[in-house]
2 protein chains.
Amino acid sequence: MVEIKRTAARKNNGLSASQEDYLEAILNVADASGIARSTDIAVSLGVAKPSVTGAIKLLAQRGLVNYKPYGCVTFTQKGVSQAGRVAQRHEIIKSFFINILGVDAAIAQKAACKAEHLLGPVIISRMRDFTNLTKKKAGPGRIPARIEKVKGTKR
Amino acid sequence: MVEIKRTAARKNNGLSASQEDYLEAILNVADASGIARSTDIAVSLGVAKPSVTGAIKLLAQRGLVNYKPYGCVTFTQKGVSQAGRVAQRHEIIKSFFINILGVDAAIAQKAACKAEHLLGPVIISRMRDFTNLTKKKAGPGRIPARIEKVKGTKR
DNA sequence: CTAAAAAGTTAGTTATGGCTAACATTCTTC
DNA sequence: GAAGAATGTTAGCCATAACTAACTTTTTAG
């Protein structure tokens, strides 16, 4: 903990966890329905609409999205790549949880949403390498019976 | 993300990440020097002294520590066990990062500090089982050469 | 035993990021 | 094309959790 000195946003290009969440949500919504409307983003994140307006304006200030009042949100060049990086981290973590730890997809999904904002590049890349190797070689990933049993622990 | 509806503290017995950090710091400081003094806690967390006073009062309200102005902090029964649980999670995550992912101890330490507040019981227990099994059987944990190489990626 | 240093506290400020209520704009449908 | 629904925005508020400056209490040296 700590080491976040002031603005709460420092890690990735100065984006806070919340801002990364918005980037990711915009990406997901846009992927799903072609455009990113404020209401859909709000639903996707489970926040109220005014929260979206505020967040979008911040992202626009940072040059990550194009904001036009009452229009829909689009990414800038910088924005797409940032969002992509976040989504990538999410995917790596989620896969790792599912394929290596043998965790339920839903649980992996939720945990990845949180962990993606705070695990650094070293750990993320290890997770990626680990997952890849395991897939290819069906190697370390063999989850032994004892752990399989634990799987029943629903929650 | 999301699913934290209001108070930002919901997960573990209603403790926020910050409060868990304080519990852990109190434990560490007490372990190291016998008693938990405010200044040491502040140093250990890298926060200013008034932040500690505020946090301690909150923990006292929740019945986790005993607070007496100008006195040093002690745990209640509830407090010790809570702090212990947090420390346990920390340890499990850190060990996993070090022993399974093959990550540097310092990086593992920092990442564990953050992850301990948000990874749920399922994932934590998988990490523990995985680490234990690996240690005993020297099994899945064999990190292949390719990953070893990545180790050099300092930061 | 007293004066200075160290430790702890209070009061007040700041930043992030959520919320509701009320207003504005755009879309849709007759 | 106008009325109502849907969508988006503004303004103002709340909670968490950090900070600094100034003050109080306790500890420690001489």
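Quick summary incoming for the structure in this document. Please read all numbers here as calculations on a predicted model, not as lab measurements.

## Things to note about the protein's contact with DNA strand C
Here is step 1 of the chain: In the region of DNA strand C, 21 residues are neighbours, and Ser16(A), Ala48(A), Thr39(B), Lys57(B) and Tyr67(B) sit closest.
Here is step 2 of the chain: Counting only atoms of DNA strand C within 4 Å of the protein, the fraction found in sugar and phosphate groups is 75%.
Here is step 3 of the chain: A distance of 3.2 Å is found between a phosphate oxygen of DNA strand C and a side-chain nitrogen or oxygen belonging to Ser18(A).
Here is step 4 of the chain: Between DNA strand C and Tyr67(B), the relevant distance is 2.5 Å, taken from a phosphate oxygen to a side-chain nitrogen or oxygen of the residue.
Here is step 5 of the chain: Broken down by secondary-structure element, the contributors of at least two residues to the surface near DNA strand C are α1 (17-33) and α3 (49-61) of chain A together with α2 (38-45) and α3 (49-61) of chain B.
Here is step 6 of the chain: Here the element with the most residues in the surface near DNA strand C is α3(B); it accounts for four residues.
Here is step 7 of the chain: Residues that form the surface near DNA strand C fall into these classes: nine nonpolar, eight polar and four charged.

## Overview of the protein's contact with DNA strand D
Here is step 1 of the chain: Around DNA strand D, the structure places 21 residues, and the nearest of them are Thr39(A), Lys57(A), Tyr67(A), Ser16(B) and Ala48(B).
Here is step 2 of the chain: Counted by atom, the contact set of DNA strand D within 4 Å of the protein is 77% sugar and phosphate.
Here is step 3 of the chain: For DNA strand D, a phosphate oxygen lies 2.6 Å from a polar atom in the side chain of Ser16(B).
Here is step 4 of the chain: Elements represented by at least two residues in the surface near DNA strand D include exactly α2 (38-45) and α3 of chain A together with α1 (17-33) and α3 of chain B.
Here is step 5 of the chain: Of the residues in the surface near DNA strand D, the class split is nine nonpolar, eight polar and four charged.

## Some remarks on helix α5 (residues 105-115) of chain B
Here is step 1 of the chain: Among the residues of α5(B), Ala108(B), Ala111(B), Ala112(B), Cys113(B), Lys114(B) and Ala115(B) are the ones counted as buried.
Here is step 2 of the chain: The N-cap residue of α5(B) is Asp104(B): its side-chain oxygen and the backbone nitrogen of Ala106(B) are 3.2 Å apart.

## Observations regarding α3(A)
All names here are of chain A.
Here is step 1 of the chain: With 13 residues, α3 ought to run about 18 Å at 1.5 Å a step, and its terminal C-alpha atoms sit 19 Å apart, in line with that.
Here is step 2 of the chain: Turning to α3, its buried residues are Val52, Ala55, Ile56 and Leu59. An end-on view of α3 places all buried positions within 105° of arc, on one side of the element. Exposed side of α3, more than 90 degrees from the buried face: Pro50 and Gln61 are the residues found there.
Here is step 3 of the chain: Immediately beyond the C-terminal end of α3, within one or two residues, lies Gly63, with a positive phi of roughly 75°.

## Overview of the packing of aromatic side chains
Here a ring pair, both rings aromatic, is described through the centre-centre distance and the interplanar angle of the planes.
Here is step 1 of the chain: Under the criterion given, the structure shown has five aromatic pairs over all chains.
Here is step 2 of the chain: Measuring from centroid to centroid gives 6.0 Å for Phe96(A) and Phe130(A), while their planes differ by 70°, and the two rings are edge-to-face. With Phe96(A) in helix α4 (residues 77-100) and Phe130(A) in helix α6 (residues 121-137), the pair connects residues that are 34 residues apart, well separated along the chain.
Here is step 3 of the chain: The exposure class assigned to Phe96(A) is buried, which follows from its relative accessible area of 0%.
Here is step 4 of the chain: The class for Phe130(A) is buried, based on a relative accessible area of 3%.
Here is step 5 of the chain: By way of ring pairs, the aromatic residues Phe96(A), Phe97(A), Phe130(A), Phe96(B), Phe97(B) and Phe130(B) are connected into one cluster.

Parameters and conventions
Residues numbered from 1 in each chain as written. Chains lettered and ligands numbered in written order. Predicted model: local features only at pLDDT ≥ 70, side-chain atom pairs only at ≥ 80, totals over all residues. Heavy atoms only, no water. Near = heavy atom within 4 Å. Polar contact = N/O pair within 3.5 Å; in protein donor to acceptor, adjacent residues only side chain to side chain. Helix = DSSP H or I, 4+ residues; strand = E, 2+ residues; numbered from the N terminus. Nonpolar A, V, L, I, M, F, W, Y, C, P; charged D, E, K, R; others polar. Buried < 20%, exposed > 50% of the residue type's maximum accessible area, 1.4 Å probe, protein only. Expected span 1.5 Å × (residues − 1). Arc of directions from axis to C-beta. Phe/Tyr/Trp six-rings, centres within 6.5 Å; stacked < 30°, edge-to-face > 60°.

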